[in-house]
Every structure is written in C-alpha cells, then in structure tokens.
Amino acid sequence: GTAIRTLDQLAVQLRDYYLTKVHQFPIVAEYEAEEPMQMSMAMASSGCAFLRYLSFLDFRHLAEHSAYRRAQAFAISPTGCRALNWGALCGACLELVSQFTQALLQLETPAPAARPLTTTPEASQTLADSYLRMRKLAATTTQATPAYVVHPAPSPEPAPQKLSRVNRVLAALKNKPLILHFISELPDVKSRLLFADCQPLIWAIEGLCLLVCASKREDKYGVVQFSLPNILGALLELDQVLERHSKRCASLRRPNSSSGRELRLAKTLKAAVTAGIYQITITFQKSIGSVDLTSENKRWLQQFLNFVR
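What counts, and where the lines are drawn
- Residues numbered from 1 in each chain as written.
- Predicted model: local features only at pLDDT ≥ 70, side-chain atom pairs only at ≥ 80, totals over all residues.
- Heavy atoms only, no water.
- Helix = DSSP H or I, 4+ residues; strand = E, 2+ residues; numbered from the N terminus.
- Contact = heavy atoms within 4.5 Å.
- Core = buried A, V, L, I, M, F, W, Y, C linked by side-chain atoms within 4.5 Å.
- Buried < 20%, exposed > 50% of the residue type's maximum accessible area, 1.4 Å probe, protein only.
- 1 Å grid on protein atoms, 1.4 Å probe; cavity = no way out; pocket = protein on both sides within 12 Å on 5 of 7 lines; lining within 4 Å.
- Points joined across faces, edges and corners; volume = space filled by probe spheres on them.
- Nonpolar A, V, L, I, M, F, W, Y, C, P; charged D, E, K, R; others polar.
- Phe/Tyr/Trp six-rings, centres within 6.5 Å; stacked < 30°, edge-to-face > 60°.
- Arc of directions from axis to C-beta.
- Salt bridge = Lys/Arg side-chain N within 4 Å of Asp/Glu carboxyl O.

**Observations regarding the overall build of the protein**
Okay, so step 1: Within the protein, the secondary structure is distributed over 13 helices and zero strands.
Okay, so step 2: Along the protein, from the amino end to the carboxyl end, the secondary structure elements read α-α-α-α-α-α-α-α-α-α-α-α-α.
Okay, so step 3: Counting only contacts in the protein whose residues sit at least 6 apart along the sequence, the fraction spanning at least 24 positions is 77%.

Have a look at this one:
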C-alpha cells in the first residue's frame, strides 16, 4: 500500500511539474535526435496522450508569447521555398478540429433503436405443435442399430411457452419508465465523454487563431494566407455544430450538473471558437469577404461581420 501511494504521489508531482514548467518542443529539428520531439510530430502523435497534451500547451504558449518561435513557424524552407513548418502545425490543429467536429456530428444522428423480438402465443403454439409432430415422426422411423453404437442421451425438450412468457415479461419491464431509467444510458453521457478530453483542442484553436492574427504583421512570405480559407471554414463549421449541440442538450442536463468539468470545458471550447472567429474577422475585416467559403459558412460568418461593423 505504501509503495502504491508513493508511486501515485510521484506521478502527481511529475504531472504538476510539467504543467507548471512548460516544456518547449523544437519547431525545427536541428539534430536527428530532436526529430521525434519536434512540435508538429508530437501534436500529430497518437501513442502518448501526455506528450500530445504538452505539445498543444506549448503551441498555445508560443502563439502568444514568443515572437522568435512564431517566426520559425512562418519560415519557408531554403530548398523549394515551402512552408513546411506552418503546414505541419496547421495540419495537426485542423485534423484535431475535424475529428472533434465529426464526432459531434455523429451524436446528432442517433442510431436506430433495435426492435425487440416478440413471440406471439399463436406462433409459440405452432412451434410447439410442429416440434411434437417431428418427435412423433422420428419415433416411428427408428431402425435397429448394432449393440456397440452408443447413443447420446436425449436432450430435454424446450418449453416454448415458458420462453415466450419470459420474453414478454422482460419486454414489459423494459418499457417501464423507472426500470428504463436504470438500464438505459443517459442521453448526455457520450457528449460529456467527448468534451472531457477537449482541452488540447481548446489550446489548438486559441493558438491557431493567435498565429493567424499575428501573421498579418509577422508573416513575411504570406504562408498563412493560403490556409486561411481552411482554418476559417473549419472554425465556422465547428461553431455551428456546437451551437446546435448546446440547444439540443439544454433540456437533457441534470439540475446539479452545471458545475461539471465537462460542461466547463464545453463552454470554454465554445468561447474559444467564437473569440477566434471574432479575432480573425477584426484582423482581416477588409478582405474577409473574398475568402473562399461555402454558402452556409458565409451566412454564418455574416453575423460576426454585422457585429464588428
């Protein structure tokens, strides 16, 4: 017991240490040993969740506090003049946004409920009669067999009437509201589990929007402008899905669940998406209308433009 408690306390102390002292991941790997710990690779990794957690935290930190590292993110490669660093960082963030949006969309389309198999008394009686007729026919067509052949013991005959009665009782109990409350899954369980792990997504959205806004002054080569339609489109789509989800789940929340960690993260995520769209809209207000977006996203963006104006 003492050893387990010591290991648990050590793990908590290490976690607090890493969260207090932000670990810096290199934007550009200068040595081969740094490549596995490069920020874009850590953000896109799926093996270690804690490493991914720290990488998005560092991404959020550099987007606001480190002009030197932002310049590394906006830099282009010497050969080919390609924005490899920005492409990898932006791709990891957009992939996380897309995965969360698709998962939230799946919650909007519930799977069709399975219809219980019910057996009527007439069908049960017909099944019993046919079974008895088959037993009589088998008894009249038996032939003599050698003495050394060992026959297995006859299996007991099933009781269709009893099985049918049990199925009807179980089906009736499942339709009772009190029984259904205990055996069915709560309607907001899946969404709460989804929002429980959205902290890296919040950092990704905040860092991405800060970098987009900073690119207007610091991006010398205009690498961010090429990915602005994808970024803005992903944020607008996520904002619409979050808005529909909040309206759909407003009546499903329990009275004492307003202070849950999942709901706080959900509100923080919605605030991060809305604030990010406002930041981009204000920064690129004069040219935001020429961004290539779908008609639905343009209609959703118009409310932000109306508020800014």
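Past the structure itself, the notes keep going.
**Section: the side chain of S191**
Okay, so step 1: Turning to its location among the elements, S191 is positioned in helix α9 (residues 189–196).
Okay, so step 2: Not counting chain neighbours up to four residues away, the residues in contact with S191 comprise L107, H245 and C249.

**Brief notes about the nonpolar core**
Okay, so step 1: In terms of nonpolar packing, the biggest core is built from 60 residues, with W86, F100, I205, L269, I280 and L301 touching the most fellow members.
Okay, so step 2: Elements that contribute at least two residues to this core include exactly α2 (39–44), α3 (49–65), α4 (67–74), α5 (84–108), α10 (199–218), α11 (223–248), α12 (261–283) and α13 (295–308).
Okay, so step 3: When near neighbours in sequence (up to four residues on either side) are disregarded, L301 contacts L232, L236, I277, T281, I288 and L293.

**Some thoughts on the layout of surface pockets**
With a probe scaled to a water molecule rolled over the atoms, the places where space remains empty come into view.
Okay, so step 1: Taken as a whole, the largest pocket encloses approximately 340 Å³ of empty space.
Okay, so step 2: Looking at the largest pocket, it is lined by 16 residues, and the ones nearest its centre are R52, L96, D197, C198 and P200.
Okay, so step 3: Only α3, α5 and α10 provide two or more residues apiece to the lining of the largest pocket.
Okay, so step 4: Looking at the lining of the largest pocket, its residues break down into eleven nonpolar, three polar and two charged.

**Examining the packing of aromatic side chains**
Okay, so step 1: Summed over the entire model, instances satisfying the criterion amount to five aromatic pairs.
Okay, so step 2: Here Y53 and W203 contribute two aromatic rings whose centre-to-centre distance is 5.0 Å and whose plane-to-plane angle is 75°, an arrangement assigned as edge-to-face. Here Y53 is found in helix α3, whereas its partner W203 is found in helix α10, with 150 residues between them in sequence.
Okay, so step 3: The exposure class assigned to W203 is buried, which follows from its relative accessible area of 13%.
Okay, so step 4: Three or more aromatic residues link up through ring pairs in this structure, and these residues are Y278, F304 and F307.

**Side note on α9**
Okay, so step 1: Listed as buried for α9 are S191, R192, F195 and A196. Projected onto a plane normal to the axis of α9, the buried residues spread over an arc of 140° and lie on a single side. Relative to its buried face, α9 has exposed residues pointing more than 90 degrees away, namely K190 and L193.
Okay, so step 2: At its buried positions, α9 is contacted by α5, α11 and α12.

**Structural notes on the environment of F74**
Okay, so step 1: Among the secondary structure elements, F74 is positioned in helix α4.
Okay, so step 2: Of the residues examined, F74 reaches a relative accessible area of 2% and is grouped as buried.
Okay, so step 3: Measuring from C-alpha to C-alpha, the distance between F74 and E218 comes to 8.0 Å, with 144 residues separating the pair along the chain.
Okay, so step 4: With residues up to four places along the chain from it excluded, the contact list for F74 reads W86, L211, S215, E218, D219, Y221, V223 and V224.

**A few points about the pattern of salt bridges**
Okay, so step 1: In the structure shown here, the tally under the stated rule is eight salt bridges.
Okay, so step 2: Salt-bridge contacts for E206 lead to R60; the nearest nitrogen and oxygen are separated by 2.8 Å. On the criterion of sequence distance, the pair formed by E206 in helix α10 and R60 in helix α3 is long-range, its members being 146 residues apart.
Okay, so step 3: Residue E243 pairs with K270 through a salt bridge whose shortest N-O separation is 3.6 Å. Within this pair, whereas E243 is found in helix α11, its partner K270 is found in helix α12, the two being separated by 27 residues in sequence.
Okay, so step 4: Take E243: its relative accessible area is 25%, and that puts it in the partly exposed class.
Okay, so step 5: Each of R60, E64 and E206 takes part in one network of salt bridges that share partners.

Just distances and angles here, no functional claims.
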